[in-house]
Amino acid sequence: MAIEGFLNEIDLPTLIQLACQDKNKVRIHVKNGDRQAFLYFADGNVVHAACSGDKESAKQEGEEVIYRILDWQGGKFIMETGVEAPDQTIQTPWNALLIEGLQRIDEQNLAVEESVPGKEEGNMADDLNSLLKELGQQVPGYFGSSIVGMDGLGVVVDSVGETDHEAGNAQMTELVKLVDSSVEKLNAGSVEHGLLTTENAYLVWRFLEGGQYFLSITADRGTANVGNMYLVSRVFAEKASKLLPS
Amino acid sequence: MTALEQILAKLRKELAGVFVSTDIVGMDGLSIAGGSIDPAFDATAASARFATVAKLGKEISEKLQLGEMDDLLITTDQVYIIQRLIGDGSYYWGLAVSKDATLGMVRLLMKEYVGEIWKAIPK
C-alpha cells in the first residue's frame, strides 16, 4: 500500500513519527526538486536513510541524511509499507534523531540571523548605549561619557545637558595617545587612567582591554567624587570591553 | 641657586620619600628648571611631548566648555604624574611622585606652590 502527499501538508517529523508508530517495514520516498531521499523503517525505528541529487550530500547514507532532509522546504512524499531496507545504517532511536535534527536546524537559523549585516552591530551599539546610561546613574553630577576608538571616532556617546562630548573625541584621542607615548618615553610604566581637572568638571579616561578604545567620563566638579569616578570607570571599562569586538 | 630652584628644592623636601621628578616647562617644550631622583626617569626628555599634552588638555577644556584647565593627573602602574598650568598658561609644572604618595596632599601642595613658582619665573 502506498500513500502519497505533499510536505507542506504533513511535515517530515510527523511522517517519521507515523512510520515508526506503525512498527512495520515502511519506506518513505521524499522528493524535493532535484533532490530525493529514501527512509526505511522497521520495528518502530528508522534503520536506513540514503539521499542523492544534493551536491553536499551526494551518495550520503545514515543519520546525516535525516538531519539534512529535515530542513527541506516543501516537496512530495510516497510512503509504502512492506518494503525491506537494503542496509542498516542507523541505530539511534527515532525520537533522538528528531531532537538532534531539529536542534541543528535551530542552530543553523540562529547562525543565519546573527550573520545578517548590521544586526550584531546594532545590538552592540544598543548594549553600549545602555551601558553608558547605567554608568551615568552611578556618577553624581554626571555630564556624559563616551567610548572612543583610537582613530578618534566615537563608538557611543551619552550626554546630559549641553555638553557636546562628541566634539572633543578627536582631541581626547590625541591626548590619550600622546600621554601614552610620553609615559613610555619617560620609562614611567604603563598608563592606567587619566584625570583632567578643570574649573567646572572632572574628566576621567581609561583604556578598554586591548587598548583599541578608551572610555571617558565627565562630571560636575562640585558634585562628583574622583575616587568614585575611577571606580566606575574601571568597572564599566571591563563591561564595555566584553561587548566590543577584540 | 636661583629662586625657582630653591622653591623646587623646598618642595622636594616636603615630598621626601615619594618624590620622583619635577620640571617647569615652557609651552614651547623647553624645561627651565627641574630635577629627578632617578636618572632613568628623565622628564626633561619628555617635556616637549608633555607640553603638547598640557595644550591639548587646555583645548579640550575649552571645547567641552568645562572652564579653565586646572591640572592633569596621569596614573601609571608605577607613578602619579601631575601637570599644572602656571600663571598665564605660558608654562606648566610637571611633578611625578611614587604611588605611595597621598594624592590629595600632593595636589594641595602643588596648589600652594604654584603662585610662588610663577613669581619666581623670570619674565
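Look up a bit, the structure's there.
The residue numbers shown here count from 1 along each chain, following its written sequence. Starting at A for chains and at 1 for ligands, labels are handed out in the order in which the entities are written. pLDDT decides what is reported in this predicted model: residues at 70 or higher carry local features, side-chain atom pairs at 80 or more are listed and counted, and totals for whole chains, interfaces and linings draw on all residues regardless. Only heavy atoms go into the side-chain values, all of them from the structure, while hydrogens and water stay out.

A. Main features of the interface of chain B and chain A. Facing the 34 residues of chain B at the interface are 37 residues of chain A. Throughout, buried area stands for the accessible area (probe radius 1.4 Å) lost by two parts on being put together, summed over both. Here chain B packs against chain A, burying approximately 3,100 Å² in sum over the two surfaces, 63% of which is carbon and sulfur. Salt bridge criterion: a side-chain nitrogen from Lys or Arg within 4 Å of a carboxyl oxygen from Asp or Glu. Between the two partners, chain B and chain A, sit two salt bridges. Any pair of N or O atoms that falls within 3.5 Å is considered a polar contact. Within protein, one atom must be able to donate a hydrogen and the other to accept it, and sequence-neighbouring residues count only if both atoms are side-chain atoms. The tally of links between chain B and chain A comes to 16 residue pairs in polar contact (both at pLDDT 80 or more). Going through the elements one at a time, α2 (47-63), β3 (69-76) and β4 (79-86) of chain B are the ones with two or more residues in the side of chain B that touches chain A. The secondary structure listing takes helices from DSSP runs of H or I that are at least 4 residues long and strands from runs of E that are at least 2 residues long, numbered from the N terminus. Top contributing element to the side of chain B that touches chain A by residue count: α2 of chain B, with 10 residues. In what follows, a contact means two residues having at least one pair of non-hydrogen atoms within 4.5 Å.

B. Fine view of the environment of Val-232 of chain A. Residue and element names in this part refer to chain A. For Val-232, the position within the fold is in helix α6 (residues 226-243). With relative accessibility at 7%, the residue Val-232 sits in the buried group. Not counting chain neighbours up to four residues away, the residues in contact with Val-232 comprise Leu-135, Gln-138, Val-139 and Ile-217. Only protein chains enter the area calculation, which uses a 1.4 Å probe; residues under 20% of their type maximum are buried, those over 50% are exposed, and those in between are partly exposed.

C. Spotlight on a negative patch on the surface. Only residues whose relative accessible area exceeds 30% and that form no salt bridge enter a patch; like-charged residues are grouped when within 9 Å of one another, and nonpolar side chains (Val, Leu, Ile, Met, Phe, Trp, Tyr) when within 5 Å. Accessible surface is estimated by sampling points in the Shrake-Rupley manner with a 1.4 Å probe; for residues, cover comes only from the protein chains shown. Charge counting follows a simple rule: Lys and Arg are positive, Asp and Glu are negative, and His as well as the terminal groups are ignored. Working definition for charges: the position is that of NZ of Lys, CZ of Arg, CG of Asp or CD of Glu. Side chains of Glu-199 of chain A together with Glu-59, Glu-62 and Glu-68 of chain B sit close together on the surface and give a patch of like negative charge. Mapping Glu-199 of chain A onto the fold places it in the loop between β9 (191-198) and β10 (201-207).

D. Inspection of the sheet that holds β3 of chain B at higher detail. When DSSP finds at least two bridges between two strands, those strands are taken to pair. Judged by pairing direction, the sheet is antiparallel, and its 10 strands sit side by side in the order β8(A)-β7(A)-β11(A)-β10(A)-β9(A)-β3(B)-β4(B)-β5(B)-β1(B)-β2(B) without closing on themselves. Taken across any chain shown, the strands that pair with only one partner, and hence form the sheet edges, are β8 (154-159) of chain A together with β2 (31-36) of chain B. Each strand of the sheet is rotated relative to its neighbour by a mean of 10°, with strand direction disregarded. As defined by bridge partners, β3 of chain B adjoins β4 of chain B across five bridges and the pair is classed as antiparallel. When the bridges of β4 of chain B are listed, Ile-74 of chain B appears paired with Ile-81 of chain B. Each axis is a line fitted through C-alpha atoms, taken for helices only over the stretch in contact, and angles between the N-to-C directions span 0 to 180 degrees.

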